[in-house]
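So the chains spell out like this:
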Amino acid sequence: MYAQIGTLAEDRMIVTAMVEFNRAFNRLNGSLPLSLPLSLPLSLPLEENSDPDSANVSSLPPIPPAWQQSLKNYYTQEFFPRLSQNIAGKPIFEIYQPEQRAAQYLQYHYIANNPKPVGKKDELMQANDGSEYSQLHSLYHPLLRNLIKQFGYYDLFLIDTDTGNIVYSVYKETDFGTSLKDGPYANSNFAEVVEAVRKNPEPGAVQIIDFDSYRPSYGAPAAFFATPIYNGTRQVGILAAQLPVDRINDVLTGKQNWQNEGLGNSGEVYLVGSDYLMRSVSRFLLEDAEGYLAALQKVGTPEDNLESIKRLDTSILLQTVKTEGVLAAFQGKSGTQIIDDYRGIPVLSSYNLVDIKGVNWAILAEIDLAEAYEPLYNLQQYILTITVVLVFIVTSIAIVAANALVKPISLLIEDSRKIAGGDMQEGGLQSLAQDELSSLVESFNEVIKNLKDQQGLVIEKERENEKLIRHIVPQSVADRLKNGEKKIVNSTEQATVLVVNIEGLIRLSKRWNVSEYADILHELMNSFNEAAEQLDVLSIAPIGELYFAVCGLSVPRIDHAKRIMDLGFEIVEILQVFNHKYGVSLGFHIGIATGEMMAAAIDSKYLNYYLWGQTFLVAVHLNRQATLGTIRVTEDVYESVKDLYSFEESESLQIPEIGSLKTWKINQDKTDIQDHTPKLRIG
């Protein structure tokens, strides 16, 4: 519609019609010279010795009293009875009567004296009054009338920019010929959108005004588009269109074909304005007006609203919708949740704001919860029925199988004794003994004892092997290796890796002998591994002074960055305790990075677990560049945990294969190891 209005305003026919209708309208007002012979009253003699080409408003006679009375009769007998049904108070003619001569003239010929009934005044092509205006009307009106029918507009208007005079309209309601600047409808939303065009006169700028009660349309909800009309570089008027409510409803209801639109028996899509009033018609009003009104009455809708909805047959600007979905939409949120709708019925509701310039509307798609969950309820009933049937079948089979197994038990006794004795070559079935079951149990007990001894040894070896494997690879990888896989590769788009350089480990090897150094190193690494295990972080076998850990690789974790950060603080604390305990001064450099990671467990001659990828490379470079006693992270890590720890920006990291990366380091003045709030204490 925006595109249509903007394009129409540039159409040469619209530009010409605007200029000519404006000129003819002003001549009817007497503000321009007459150029054509006009019938009564314009054809009445002018003042003596006056030049017809210089006639002005003072030289044109007033509208005849008979015409004025005919206008008054139309307002009081046709217009006011319909209008008073939809507004408060009693309308009077003095408020609504057109003041200008041209407005009175045109409303008499095209409304009051129009032989067509109310609602069909547009069918009159020419008033046959001999005026220039009527000649233009007979030329342009059929074209413009056909145009709005094709585009689906309610009405189309041509408006004088300076005076606000509606010099032409298709449907000839009581706003025809009046001024939106100082006429009876100067306070309407139509006047607002015309004023918006005056304030924003740029060519192609289309203004829109939200729905409001519009009195020329008998108080029905109306919204308007308006845009300036230019003849070259000169603005010659304003083109306006009354927004078609039916066209909006056709879009939202699929032309009232809700089921084919996937909305079932109770689903609907509707619009709500920022005043929490509907901007489209409720499905339930269209399908079941009595049931709809009864539901509204049940939730406490005022009687006046119910009467207006029933009388106007619309919920636009009358139905209040202030549900959780509407409130969330106007808070800028979008989503789907279970709420009570405006009828007080539980529904599954999806909501969002409509992106239309000039209006603030929310759009909601809802369906009754009972209907939305009906397939689930049916599935539950189906599963319950199948379960009962399966239980019956399995029980029957078990009974038959049990009876079939009792008899062969005696035949297994002799073979069981041979197995217990280790003789599995010979032996045949013997005659049945009296206490067959006890003999069978005794024989199997002997077999089980021997098997348990062997099984115990096997299980113990398996536990040792599994424990060793779990120290090398994640549990999920260990399980896959146990199932026979030889090469296992893991990859993820989001994992966090930690690389720690323990400064001074090599120097300790000169202080103690090999056995002592091994014990101390074992104690330190076990402390690191226990901390990692508590945080569900995978520790990788250290290399020299380097210790590695990763989270979110084999098992996805939303908080993988936080867990790695916590492990970094735990490692710093462990080093402090270790330094104090042994009187040493081990330092640390820690680099942490987040991003895509890959790992592989390759079981060839020796089992190894490899990490690689850009993220791992970045963490290694961070570790190398980090100064002694600092934890340095990438920007992705910082963005993930910046609300939990205090950081300060550090120098950029230069990596030949990647380029320049922004980095951050923990603010040692504001971050603690214990609760992640005092300084880092470096031993």
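Note: the structure precedes this text.
Below or above, wherever it landed, is the structure these notes cover. Fair warning: this is a prediction, and the values are worked out from it, not measured in the lab. Throughout this description, residue numbers start from 1 for each chain and increase along the sequence as written. Reporting of local features is limited, given that this is a predicted model, to residues whose pLDDT is at least 70; pairs of side-chain atoms are given and counted only at 80 or more, and all residues count toward the totals for whole chains, interfaces and linings. Calculation of side-chain values draws on the structure's entire complement of heavy atoms; hydrogens and water are dropped beforehand.

**Digging into a nonpolar patch on the surface**
Residues L376, Y377, L379, Y382, I383, I386, V389, L390, F392, I393 and I397 make up a contiguous nonpolar surface patch of roughly 1100 Å² in combined accessible area. Secondary structure elements are taken from DSSP: a helix is a run of H or I of four residues or more, a strand is a run of E of two residues or more, and numbering for both begins at the N terminus. Tracing the backbone shows I383 in helix α14 (residues 374-421). Burial classes: relative accessible area under 20% of the type maximum marks a residue as buried, over 50% as exposed, and values in between as partly exposed (1.4 Å probe, protein chains only). A residue is classified by how much of its surface remains accessible, and I383, at 46% relative accessible area, is partly exposed. Like-charged residues within 9 Å of one another, or nonpolar side chains (Val, Leu, Ile, Met, Phe, Trp, Tyr) within 5 Å, are grouped into patches, provided each residue has over 30% relative accessible area and no salt bridge. The Shrake-Rupley method, run with a 1.4 Å probe, gives the accessible areas here. Residue values count only the displayed protein chains as cover. The salt bridge criterion pairs a side-chain nitrogen of Lys or Arg with a carboxyl oxygen of Asp or Glu, the two atoms within 4 Å.

**Description of helix α10 (residues 289-298)**
Inspection of α10 places Y292, L293, A295 and L296 among the buried residues, and these make up the whole buried set. When α10 is viewed along its axis, its buried side chains cluster within an angular range of 160 degrees and face the same direction. Opposite the buried face of α10, at more than 90 degrees from it, the exposed residues are E290 and K298. After α10 finishes, the residue G300 shows a positive phi value of roughly 90 degrees. Read the arc as the range of directions from the helix axis to the C-beta atoms.

**Side note on the packing of aromatic side chains**
Only Phe, Tyr and Trp rings take part, Trp by its six-membered ring, and two of them pair if their centres are within 6.5 Å. Stacked means planes under 30 degrees apart, edge-to-face means over 60, and tilted covers everything else. If you walk through the whole model with that rule in mind, you get 37 aromatic pairs. Residues F157 and F190 carry aromatic rings whose centres are separated by 4.7 Å and whose planes lie at 55 degrees to one another, so their mutual orientation is tilted. Linking F157 in strand β1 (residues 155-159) with F190 in helix α7 (residues 189-199), this pair joins segments that are 33 residues apart in sequence. For the pair F157 and F190, a shared accessibility class is recorded, and that class is buried. Both rings, one in W512 and one in Y582, keep their centres 6.3 Å apart while their planes meet at 80 degrees; by these two values the pair is edge-to-face. Of this pair, W512 sits in the loop between α17 (505-511) and α18 (514-534) while Y582 sits in helix α19 (residues 560-582), and the two are 70 residues apart along the sequence. Chaining the aromatic ring pairs together yields one cluster made of Y74, Y75, F79, F80, F93, Y96, F157, Y185, F190, Y214, Y218 and F224. By definition, being over a ring means that NZ of Lys or CZ of Arg is both within 6 Å of the ring centre and within 35 degrees of the ring normal. The ring of F176 carries the charged tip of K172 above its face, separated from the ring centre by 5.3 Å. The aromatic ring of F284 is capped on one face by R343, whose charged end is 3.7 Å from the ring centroid.

**Digging into the nonpolar core**
Only buried residues count toward a nonpolar core, which is a set of Ala, Val, Leu, Ile, Met, Phe, Trp, Tyr and Cys residues joined through side-chain atoms within 4.5 Å. Counting residues in hydrophobic clusters, the biggest one holds 103 residues, and the most contacted among them are L158 and F190. Among the elements that make up this core, the one with the highest residue count is helix α2 (residues 12-29) (8 residues). In this description, contact between two residues means that some pair of their heavy atoms is separated by no more than 4.5 Å. Not counting residues within four places of it along the chain, the set of residues in contact with L158 comprises I14, A17, M18, F21, N165, I166, V167, Y168, I229, I238 and L239. Core analysis: the second largest hydrophobic core is formed by 42 residues, W512, A532, V637 and Y638 among them.

**Concerning the pattern of salt bridges**
According to the stated counting rule, one finds 18 salt bridges in the structure shown. In this structure, the salt-bridge partner of D122 is R145, at a minimum N-O distance of 2.6 Å. Taken as a pair, D122 in the loop between α5 (101-112) and α6 (132-151) and R145 in helix α6 lie far apart in primary sequence, 23 residues in all. Comparing D122 with R145, the two get one shared label, buried. Close ionic contact of R343 with D341 constitutes a salt bridge, the shortest N to O distance being 2.7 Å. In this pair, the class of R343 matches that of D341, namely buried. Among the charged side chains, a salt-bridge network with shared partners connects R23, R27 and E132.

**What about unusual backbone geometry?**
Even without glycine at this site, K172 takes up a positive phi of about 55 degrees. Turning to its location among the elements, K172 is positioned in the loop between β2 (166-169) and α7. Non-glycine residue Q256 carries a positive phi angle of around 60 degrees. As for its position among the elements, Q256 is in the loop between α8 (245-253) and β6 (268-273). On the basis of relative accessibility, which here comes to 46%, the residue Q256 falls in the partly exposed class.

**Overview of the sheet that holds strand β8 (residues 346-353)**
Ordered in space as β6-β9-β8-β7, the 4 strands form an open sheet in which the pairing is antiparallel. What marks the edges here is a single partner per strand, and that holds for β6 and β7 (335-340). Each adjacent strand pair in this sheet contributes to an overall mean axis angle of 35 degrees, direction not counted. Strands are treated as partners if at least two bridges between them are detected by DSSP. Two elements, β7 and β8, share 6 bridges in a ladder whose sense is antiparallel. Following the sheet pairing, I338 is matched in β8 by L348. Orientation is described by lines fitted to C-alpha atoms, with helices fitted over the stretch in contact, and by angles between N-to-C directions that extend from 0 to 180 degrees.

**A closer look at the pairing of β2**
The sheet contact formed by β1 and β2 spans 3 bridges and is antiparallel. When the sheet's bridge partners are listed, I159 is paired in β2 with I166. Count of turn residues in the β1/β2 antiparallel hairpin: 6 residues, of which G164 carries a positive phi of about 75 degrees.

**Comments concerning the sheet that holds strand β3 (residues 207-214)**
Overall, antiparallel pairing links the 5 strands, which are arranged β2-β1-β5-β4-β3 in an open sheet. One side of each edge strand has no neighbouring strand; the edge strands of this open sheet are β2 and β3. Across the sheet, the mean angle separating the axes of adjacent strands is 25 degrees when strand polarity is ignored. Two strands pair when backbone bridges link them, and β1 and strand β5 (residues 234-242) are joined in this way by 5 bridges, in the antiparallel orientation. Following the sheet pairing, D155 is matched in β5 by Q242.

**Quick look at the environment of T301**
When you line up the elements, T301 lands in the loop between α10 and α11 (303-312). Classification of T301 as buried rests on a relative accessible area of 17%. Between the alpha carbons of T301 and Y342 there is a distance of 9.8 Å; along the sequence they are 41 residues apart. Any N or O atom pair separated by 3.5 Å or less is treated as a polar contact, with the protein-specific requirement of one donor-capable and one acceptor-capable atom, and with residues adjacent in sequence counted only for side-chain atom pairs. There is a polar contact of 2.9 Å between the side chain of T301 and the backbone oxygen of L296.

Nothing here speaks to function; it is geometry throughout.
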